[in-house]
Every structure is written in structure tokens, then in C-alpha cells.
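Here is what each chain is made of, one letter per residue.
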Amino acid sequence: MGRFGFVLRRILGAIPLLIGITLFTFILLQLVPGDPALTLAGPRATEERVEAIREELGLDRSLPAQYVAYVGNLLQGNLGQSIRSKEPVTSIIRERTPVTVWLLGAALILSVSIAVPLGAHAARHRGGWIDHAIRVVSTFFLTMPPFWVGLMLLLVFALGAGWFPVGGFGETTAERLRAIALPAFTLALWIFPIQLQSFRSSMIDVDGSDYLQAGRSIGLEGLTLFRRYILRNATAAMVTLLAVQMGFMLFGAVIVETTFNLNGLGDAMVRAVSGRDFAVVQGITIVFAVAVIAINLLADVIVAALDPRVEIQ
Amino acid sequence: MKLRRRSRSGRLAVEPADPVAAKPPVPTSLKIGAAILGIFVVVAAFAPLIATHDPAFQDLTDKLASPSAEHWLGTDQLGRDAFSRLVYAARTDLIVGFLAALFPLILGTTLGAIAGFFGGWVDTVISRVADAVQSFPVYVFLIALVFVLGTGVMPILVAFTAIAWVPYTRLIRTEILRAKGLDYVAAAVVAGLPHRRILFRHVLPNSVRQTVVYFMSDVILATVTLATLSFLGLGLPVEQPEWGRMISEGRTFLRNQWWLSTVPGLVIVALGMGYALIGDGLAQRLRGDG
């Protein structure tokens, strides 16, 4: 079983997870209080009308039959329609995805550029006051509620200094970058502490490893040693962490988009929650879950490419 | 490993070398952290004595007042005293945040103990479910769960428990598997000690500190997440004073009454730092470099 086998195994392993997601959202649907047919029909609908809708939605069938129909719909890319706007959920998702992707991308770049240098620095001065100071600062950021950080940044840099817009997204790339700056920074401040701690400890692990000793003993030093032995291994650990953190980042995106009125997926989800618009909540939950699984899969592939040892594990 | 003969029973009692026996000095971070948490507990316990006003009393003629001798942190959009609401909210955030981290600990530890102890298919089922939960974006599911379960303390606790138990299960399970391979446990089994006793006397004490350290970071996350859910309009009933909701309500008035949102956030950070320092101090003791 080589590296290819490892990746194949991971792909097969994702299938039960996907089934799990459909089960989770299906059960959620059953738990929602109230009769969806009644809700859709409206308060003044006749008994026959409600019955017709129930039949149309397949609610008169048994639960397993409903589940099969539900999965069938999902596989055809049909996520239902919004109770509020009557828009198909898929088009809401398509419309909102770019903002969230911009936000996550920018936040990821920012957080890694904070976490990696600081983490490397802390690892190099392990146990010293620099290491200690970096730990205290990162813990400090971990305790800050991200929406509050966002509001404080808004207060100082948007309302106060006027450097950034107070909310919304833009049309041109420059506008978007300006609009995304504070939200991305807010999200980055929330997720970088975990990246930092993890990068620090993987640097320390690599530093104490046998192969690094071996590398040093054959006379490797400086940049070669750092690039070929330390960075490559620490990067593999980092890629895994970023993938694991993805679900948490999406939660962060929900918070930050709401704070900054960015019309991304997270914002749509929160609006749907307060509007009791179940189809939208469900659709976005599925998109988020599938995205997380896909990204973890991708991370496994990247790690397999970086690190030939994965086949042994 | 020390073997000691119990006086009369004649049965061998086997004890692990006790890491706390040396009693290292209490780390400073632990002291400061405990002091911060202590202040919050006192404020929550004596909220009626500390608050200057009824937190629910609305004075619509005195809305959005600036801080003054009468209203230390001013009043909110309904003319309620912000300081008194801040004090009463300590009860909600402290207790719900704590329980939201405690319930997963209890569930996770129990499942982990069952999995590690009994092994076999029980272990397989628990471990697979744990893997699955871990692979999902659980905090997104948290929003969906709270959405379905409705607002209130119980739905929040149920949702947190459903998503946050996995690390504890892993921790205890690993610890038990490790302990099963240790000499002193093998000796205890040979000596005929009942399983329950091995679990409580030998395995749990060893994993308790690690669990507590993890719990401390989890309780920070739970407190922040609780405030976040309130901010998103999920979470607790509107009338209950809660820091996250105070921040959310103050948001509209950020430009002119900036303190309404700023202060509750600082309070959350202070509480979080308290927990973090306790966790840090305990971790230091755990490593034995007090």
C-alpha cells in the first residue's frame, strides 16, 4: 500500500461521513417544531391545500422513504427553496459563496503570516522570556470574543480613523480588499493562537528528531537544513492543522460576516436562523460540512505528497 | 513502583509513585488566575448586593445616558442600568459557560472510560462515532442544533455536550490503554482487584490533571461561544442579562456610546484570562516545574 493507497483509503473513508451529514440534517429536519406543510401553506390555507402540499413534499410517506427521497434530491443538487424569498437555496449559496471564500482566504493568509514567524521564534527561544511573552499574547487573543474584536476594530479603524468601510462588500478588487481587511484580520486574530502553538510544538518536535541529528552530523547546516528538514516537516503538520481548523474557521466566518454585515454564507445562515428559514439553514450546513470534508481530504493528499512516511501510519 | 504490604488483610496493595507527593510551590499564574475567577464568583454570588439598580428596570426617559455617579456605566437603549446588567450577567455567563464545558467532560470521560476499559466492539463503536463527530464542522452544527432545539439554557447545554465530548473520550481512552499496559496495573489485576477499583484508584487520578488542563481551555471556548450565540441572536432568552447580548445591543450605538459594547467584552477577556492562567498554572504543576 503506497501513498496512492493512502489517499484512496481516505476518499473511501469520506463516504460514511457524507452519509452522516445527510442523516444529521435529515434528523434536524424532523426535530424542527411545527408542520412544514402548514408553514408553507400559510395560515388561511384549506385542509385540502395542506394535504396537497404534504403529498407534494412527500411528508405522507414513511421516514426511510423520505430519507431516500431527500438524499436523491441532494444528489441532484436540489436543496429546496427558501421559505422567505422563495429563491432556490442553491442560487442563494452560489451568490454568497465568493464573499466567504474571499474572507477565509484572506484570514488564512493573515493568520499564517502571524503564526508561523512567531511560532518559529518561540520555538527557537524555547523556555525563554520571548517564548513566554508570545504564549501570553496568543492566549490573550484566544479569550477575546471575535465579534467583540470586530466591533473594536470597527470603532477604531472604521468609525474613528475612517480607513475602512463600516460594512458591506465591494465591486472592484480594490474595494473588496478594503472591505475584507478588517473582517479577515478579526478572523485571523481568533485563529492564529492555535496555529502558533501547534507550529511551535511541531518545530520543537522536528528539532529534537533523529533525522535532524543525522542531518547535522553529516554537516548540513543553515538554510539547507532549515528548508529540507525542518520547514518541510513542520509544513506538513501545519497543513493538517489548517484542515482540522477549517470547521472552526467557518464558525468564525459566520460570526465575522454577521459583525461586519458581509453578505456571505455565514451571514445568510444567521439570517435564515432568525427567520426560521429551515431549508436555507440546512443547505448551508451541508455546504459547510462538505467543504470541511473536502478540505481535509485535500490536506491528506498534500501531506502525502510532502511526507512519504504517511503510508506507514 | 512501590509495593507495600497492607497490615492485616495480607493483600498486596500496589501504588504508583505519586507525582504530587513532592508538593511543588503553587505557580504564580495559578494564584492570579484563581484570584480573578474568585472575584467573578463573588460578583455572581452577591450580584443583588453589588448591583446599584434593578437590572430589568427600564427608564425610557433616561435612555443611553453617559456614565455618571448614578449610572456607573451609563444606561442602555431601554434606560436600564448597564453596570447592574453587567453584574447580573456574571451569573449567566459564569454558570452556563462552566456547565457547557462540564457536561461534555462528564459525557466524554464516561464514554472514554467505557471504551478503554471494555475494548472490543464497544470501543470500536465509540471511537468511530468520536471520529465522525471530530470530522464534522461541529460549531456550524452547533448553530443548526440550537436553531432546532430553541433558545434557553438546556438546549445550549445539550448542543455543547453533543459536540465537545470527543477530546475527553480520546484522552481517557488513551490513558486507560496506556495504564493497562503498565506494570502496576497488571499487578493490580493479578492481585485480583476489581476493575472498578483499578479504574478509580489507578487510572483516573493519573488522567485527572490533563483533563482539568484541557477543561480550562474548553471553558474559555464555551464562555466565548455562549456570548457569540447570544450575539448571533441564538442562545439565551432576550430578557436574561448576558455579556454577549449586551455587546450585541450596544453595537448600534458604537459611535456615540462605545462603552456599552466595549466593557462587557473586556469582562469576558478578563474571565477568559483567569481561566487561562489557572490552566497554565495547572499545566506547569503537571510538568512538575512549578
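Residues numbered from 1 in each chain as written. Chains lettered and ligands numbered in written order. Predicted model: local features only at pLDDT ≥ 70, side-chain atom pairs only at ≥ 80, totals over all residues. Heavy atoms only, no water.

Peer 1: I'm lost on the overall build of chain A in this one. Help?
Peer 2: A count of helical and extended segments in chain A gives 12 helices and 0 strands. Along the three orthogonal principal directions, the C-alpha set of chain A runs to about 85 × 60 × 35 Å. For chain A, buried positions account for 44% of its 313 residues. Nonlocal contacts in chain A, meaning residues at least 24 apart in sequence, comprise 72% of its contacts between residues at least 6 apart. For chain A, the exposed area adds up to about 15600 Å²; of that, 64% sits on carbon and sulfur atoms. Positive and negative charge centroids in chain A, built from 24 and 22 side chains respectively, lie 8 Å apart. (Helix = DSSP H or I, 4+ residues; strand = E, 2+ residues; numbered from the N terminus. Buried < 20%, exposed > 50% of the residue type's maximum accessible area, 1.4 Å probe, protein only. Contact = heavy atoms within 4.5 Å. Areas by Shrake-Rupley, 256 points an atom, 1.4 Å probe, with all protein chains shown as cover. Lys, Arg positive; Asp, Glu negative; His and termini not counted. Charge placed at Lys NZ, Arg CZ, Asp CG, Glu CD.)

Peer 1: Whenever I open this one, the overall build of chain B confuses me. Can you help?
Peer 2: Check the secondary structure of chain B and you find 11 helices and 2 strands. Put simply, chain B runs from its N terminus to its C terminus through helices and strands in the order β-β-α-α-α-α-α-α-α-α-α-α-α. Pairs at least 24 apart in sequence give 71% of the contacts found in chain B among residues at least 6 apart. Carbon and sulfur atoms make up 65% of the accessible area of chain B, which amounts to about 13300 Å² in all.

Peer 1: Please explain the side chain of D123 of chain B as it appears in this structure.
Peer 2: Residue and element names in this part refer to chain B. By secondary structure assignment, the location of D123 is in helix α4 (residues 120-135). Residue classification places D123 among the buried positions, given a relative accessible area of 12%. Reaching out from D123, the side chain makes a polar contact with the side chain of R173 at a distance of 2.6 Å. Setting aside residues up to four positions removed in sequence, D123 forms contacts with A115 and R173. (Polar contact = N/O pair within 3.5 Å; in protein donor to acceptor, adjacent residues only side chain to side chain.)

Peer 1: Where do I start with the environment of R176 of chain A in this structure?
Peer 2: Residues and elements named next belong to chain A. By the secondary structure assignment, R176 is in helix α8 (residues 173-207). In the structure, R176 is positioned 103 residues away from A279 in sequence and 29 Å away in space, judged by C-alpha atoms. Those residues in contact with R176 that sit more than four places away from it in its chain are W102, F169, G170 and E171.

Peer 1: Sorry if this is basic, but what is going on with the interface of chain B and chain A here?
Peer 2: Buried accessible area, meaning the area lost when the parts come together, often serves as the stated size of an interface. Facing 37 residues of chain B, the contacting portion of chain A comprises 47 residues. When chain B packs against chain A, close to 3700 Å² is buried across both sides, 84% of that on carbon and sulfur atoms. Among the residues chain B hides against chain A, the three largest losses belong to V140, F147 and V148 of chain B. Together they make up 18% of the total. On inspection of chain B and its partner chain A, the count reaches 1 salt bridge. For the pair chain B and chain A, the interface holds 6 residue pairs in polar contact (both at pLDDT 80 or more). Of all the secondary structure elements, the ones that give two or more residues to the side of chain B that touches chain A are α4, α5 (138-149), α9 (195-231), α10 (243-250) and α11 (259-287) of chain B. Here the side of chain B that touches chain A gets 10 residues from one element, more than from any other, and that element is α11 of chain B. (Buried area = accessible area lost by both parts, 1.4 Å probe. Salt bridge = Lys/Arg side-chain N within 4 Å of Asp/Glu carboxyl O.)

Peer 1: Would you mind showing me how to read the domain arrangement of chain A here?
Peer 2: Residues and elements named next belong to chain A. On domain assignment, one finds that chain A holds domain 1 (2-75) and domain 2 (89-306). For domain 1 and domain 2, the distance between their C-alpha centres works out to 32 Å. With 17 residues of domain 1 at the interface, the matching set in domain 2 holds 13 residues. Interface of domain 1 and domain 2: buried area, both sides summed, is about 1300 Å²; carbon and sulfur atoms make up 80% of it. Between domain 1 and domain 2 we count 1 residue pair in polar contact (both at pLDDT 80 or more) in total. For the side of domain 1 that touches domain 2, the secondary structure elements donating two or more residues are α1 (3-31) and α4 (63-75). Among the elements that line the side of domain 1 that touches domain 2, the one with the most residues is α1, at 13 residues. Classifying every residue of the side of domain 1 that touches domain 2 by side-chain character gives 14 nonpolar, 1 polar and 2 charged. (Domains from an automatic or database assignment. Nonpolar A, V, L, I, M, F, W, Y, C, P; charged D, E, K, R; others polar.)

Peer 1: I'm lost on the pattern of salt bridges in this one. Help?
Peer 2: Opposite charge on two side chains permits pairing when their charged atoms draw close. Tallied over the full model, the rule gives 10 salt bridges over all chains. We note a salt bridge from R96 of chain A to D267 of chain A, for which the minimum N-O separation is 3.0 Å. Of this pair, R96 of chain A sits in helix α5 (residues 89-124) while D267 of chain A sits in helix α11 (residues 265-274), placing them 171 residues apart in sequence. The buried category is assigned to R96 of chain A, whose relative accessible area is 16%. Each member of the salt-bridge network shares a partner with another, and the members are D76, R80, R85 and E249 of chain B.

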